[in-house]
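An overview of the molecular structure
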Amino acid sequence: MARTSLIVKAQRKAKFSTRNYNRCPMCGRSRAYLRKFGICRICFRNLALSGEIPGVVKSSW
C-alpha cells in the first residue's frame, strides 16, 4: 500500500519543480534510475539480459 501511494504521488505534478523526481514505471523504484532508458537498474538488467533493449549486450572481459 505504501509503495502504491508513493507511485501515485510521483505521478502528480509537484508544487515546485525541484520536488520532481524520477521513478521506474515498471517496478516503482525511485533510486538507481537511468534517465537514458527511463527505468531503474534492476529492470534495465532484466530487459538487457532477455535482449529486449536494442543495442545493449552483456560485456565479458
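Everything here concerns the structure above.
My aim in this report is to walk through the structure given alongside it, one point at a time. Each chain carries its own residue numbering, running from 1 in the written order of its sequence. The predicted nature of this model means local features are confined to residues of pLDDT at least 70 and side-chain atom pairs, given and counted, to a pLDDT of 80 or more, with totals for whole chains, interfaces and linings taken over all residues. Think of the side-chain values as coming from all heavy atoms in the structure, minus any hydrogens and water.

A closer look at a positive patch on the surface
Residues Lys 9, Arg 12, Lys 15 and Arg 19 make up a contiguous surface patch of positive charge. Positionally, Arg 12 belongs in the loop between α1 (2–11) and β1 (33–34). Residues qualify for a patch when their relative accessible area is over 30% and they have no salt bridge, like charges being joined within 9 Å and the nonpolar side chains of Val, Leu, Ile, Met, Phe, Trp and Tyr within 5 Å. All accessible areas in this document rest on Shrake-Rupley with a 1.4 Å probe, and a residue is counted as covered only by the protein chains that are shown. One speaks of a salt bridge when a side-chain nitrogen belonging to Lys or Arg is within 4 Å of a carboxyl oxygen belonging to Asp or Glu. Residues scored as charged are limited to Lys and Arg (positive) and Asp and Glu (negative), so that His and the chain ends carry no count. Positions of charges follow a simple convention, taking NZ of Lys, CZ of Arg, CG of Asp or CD of Glu. For helices the rule is a DSSP run of H or I covering at least 4 residues; for strands it is a run of E covering at least 2, with both sets numbered from the N terminus onward.

Structural notes on the environment of Tyr 21
Tracing the backbone shows Tyr 21 in the loop between α1 and β1. Only protein chains enter the calculation, and the probe is 1.4 Å; a residue is then buried if its accessible area is under 20% of its type maximum, exposed if over 50%, and partly exposed in between. Using a relative accessible area of 37% as the deciding quantity, one classes Tyr 21 as partly exposed. A C-alpha to C-alpha distance of 9.5 Å links Tyr 21 and Gln 11, two positions ten residues apart in sequence. Once you skip the residues sitting within four places of it in the chain, Tyr 21 turns out to touch Leu 6, Ala 10 and Ser 30. Contact between two residues is taken to exist if any of their heavy atoms lie within 4.5 Å; hydrogens are not considered.

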